[in-house]
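Structure assessment
These are the residues of each chain, in order.
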Amino acid sequence: FNVVNVMMGVGLLSLPFALKSSGWIGILVLWVMGIATNYTAKALCECADAVTKRQGAGSGPVGYEEIAEAAFGPLGRLIISAIIYVELFGTCALLFILEGDNMFKLFGASSLASNPSTYMLLAAAIMIPTVWLPDLKALSFLGAAGVTATCTVSAAVAYTFLSGSFTPGAPTDLANWATLPLVLGICTFCYSGHGVFPAIQKSMQDPRQFPQAMVLNVAYLVVAILCTLMGAAGYYMYGTGALDLITFNLTGVLAAVCASVILVNPIAKFALTMEPVSAALQSAVPGGQQGLVRLVVRTVLAIAILAAARSLPFLAHLMALVGSFMTISVSVTFPPLCHQVSGLSDRSPRFGMSVKCCVTCSGVTSLQQDKKSV
């Protein structure tokens, strides 16, 4: 639930807008990026396992930062960590924006709030306390709620499509080459979560089950199918009139229901997405892992994200910026680089079996390899 929850959300709801920019060819881009990011997620998990074995079981949790340091040294850790934290910071800001926009659409101007920016303050009163939960295991219940909310919105869009409750004949295009780069960022954003995956893996009772028990494959397949259905149905119904969030195109009671349900999603994802950044700040502050200091560090960070969200520009363009540079770097580029440099790329099952046979036949009882980081 945490894996699916951290990936699905804002990107899923923006896919009809992405196809508006790319045309139907964006569906192909969506699946290509899904396959690519699934592979890089598994590569990242292998790197985390290798670093854990190298450091020893009692060395503490291994995150993306430790993987980067093992592969590229202290400078590599600094650069990659900065990109990861900026990406996660921006994603958390998007969650505040989504919550404020949906609350404004649902309730409109009122005595409590007159615009989406003000509604963000009300949303913060609910979202910020979630960062006080003790660990990621406690967040799995929020993860289930977030997945349920996203599936409910997907069902609402499917119902609108199947019932014909839309104006037919919306103009669509096969391919829009000039604006195709925009869909690349949003499609990658739909599968982003690599900065959090090592933390989720270590929070499991048996971390080995994360890549080996089809957890990643099942999660990615669920996300890919829902994204395809959401994007295709939304683009077919609204075409070039698709707004930056599909819920904004819906009308009547269904729109109110979707706006209400989708309010759960940012609340469910906020603490999970912010976790790596919070953990890094806590490690830099004396006593950051302890009670009151931990609470203060996380609260101050959440307030800083809120302040940034209230000054950020148009939602879909911001998603494209975060997705195109930060998310592609974290989810596509760095994991295979770390995997290659760490010397794990030659550890395929066939390679391992061949080494075992050679060792057995030659009578060698042990084989030790000491791979140095570059």
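Residues numbered from 1 in each chain as written. Predicted model: local features only at pLDDT ≥ 70, side-chain atom pairs only at ≥ 80, totals over all residues. Heavy atoms only, no water.

Moving on: the packing of helix H3 (residues 15-22) against helix H4 (residues 25-55). Packing of H3 against H4 brings their axes to within 8 Å, and their N-to-C directions diverge by 120°. What the angle tells us is that H3 and H4 run oblique. Facing H3, whose interface residues are Leu15, Leu19 and Ser22, H4 presents Ile25, Gly26, Ile27 and Leu30. For the contact of H3 with H4, the per-class residue count stands at 5 nonpolar, 2 polar and no charged. (Axes fitted to C-alpha atoms, helices over the stretch in contact; angles between N-to-C directions. Helix = DSSP H or I, 4+ residues; strand = E, 2+ residues; numbered from the N terminus. Parallel < 35°, antiparallel > 145°, perpendicular 65-115°, else oblique. Contact = heavy atoms within 4.5 Å. Nonpolar A, V, L, I, M, F, W, Y, C, P; charged D, E, K, R; others polar.)

With that out of the way, let us pick up the packing of aromatic side chains. The final tally for this structure, using the stated rule, is 8 aromatic pairs. Aromatic side chains Trp24 and Tyr235 sit 4.9 Å apart centroid to centroid with 65° between the ring planes, which places their arrangement in the edge-to-face category. With Trp24 in the loop between H3 and H4 and Tyr235 in helix H11 (residues 215-238), this pair connects stretches of sequence that are 211 residues apart. For Trp24, a relative accessible area of 28% puts it in the partly exposed group. Residue classification places Tyr235 among the buried residues on the basis of a relative accessible area of 0%. Ring centres of Phe166 and Tyr236 lie 6.2 Å apart, and the angle between their planes is 75°; on these two criteria the pair is classed as edge-to-face. Linking Phe166 in the loop between helix H7 (136-163) and helix H8 (180-190) with Tyr236 in helix H11, this pair joins segments that are 70 residues apart in sequence. Taking the relative accessible area as the measure of exposure, Phe166 reaches 17% and is therefore buried. (Phe/Tyr/Trp six-rings, centres within 6.5 Å; stacked < 30°, edge-to-face > 60°. Buried < 20%, exposed > 50% of the residue type's maximum accessible area, 1.4 Å probe, protein only.)

Let's shift gears to the UniProt feature "transmembrane region" (unreviewed entry) in the protein chain. According to UniProt, the feature "transmembrane region" (unreviewed entry) maps to residues 6-32, 78-98, 118-134, 141-162, 174-197, 218-238, 250-272 and 315-338 in the numbering used here. The annotated region residues 78-98 carries 100% helix and 0% strand content, and the separation between its end C-alpha atoms amounts to 30 Å. (UniProt positions renumbered as here; feature names shortened; annotations may be inferred.)

In terms of burial, H3 is largely enclosed, as 7 of its 8 residues are buried. Turning to H3, its buried residues number three or more, namely Leu15, Pro16, Phe17, Ala18, Leu19, Ser21 and Ser22. Downstream of H3 by a residue or two, Gly23 has a phi angle that is positive, lying close to 85°.

This part is about the environment of Ala149. Along the polypeptide, Ala149 turns up in helix H7. Take Ala149: its relative accessible area is 3%, and that puts it in the buried class. Separated by 116 residues in the primary sequence, Ala149 and Asn265 place their C-alpha atoms 6.3 Å from one another. In this structure Ala149 touches Val261, Val264 and Asn265, once residues within four positions along its chain are discounted.

Enumeration over the complete set of coordinates arrives at 3 salt bridges. In this structure, Glu66 engages Arg77 in a salt bridge whose closest nitrogen and oxygen atoms are separated by 3.4 Å. For Arg298, the salt bridge is made with Glu275, and the minimal N-O distance between the two is 3.1 Å. A residue pair is termed long-range when its members are at least 10 positions apart, and Arg298 in helix H14 (residues 291-309) and Glu275 in helix H13 (residues 264-284) qualify at 23 residues. (Salt bridge = Lys/Arg side-chain N within 4 Å of Asp/Glu carboxyl O.)

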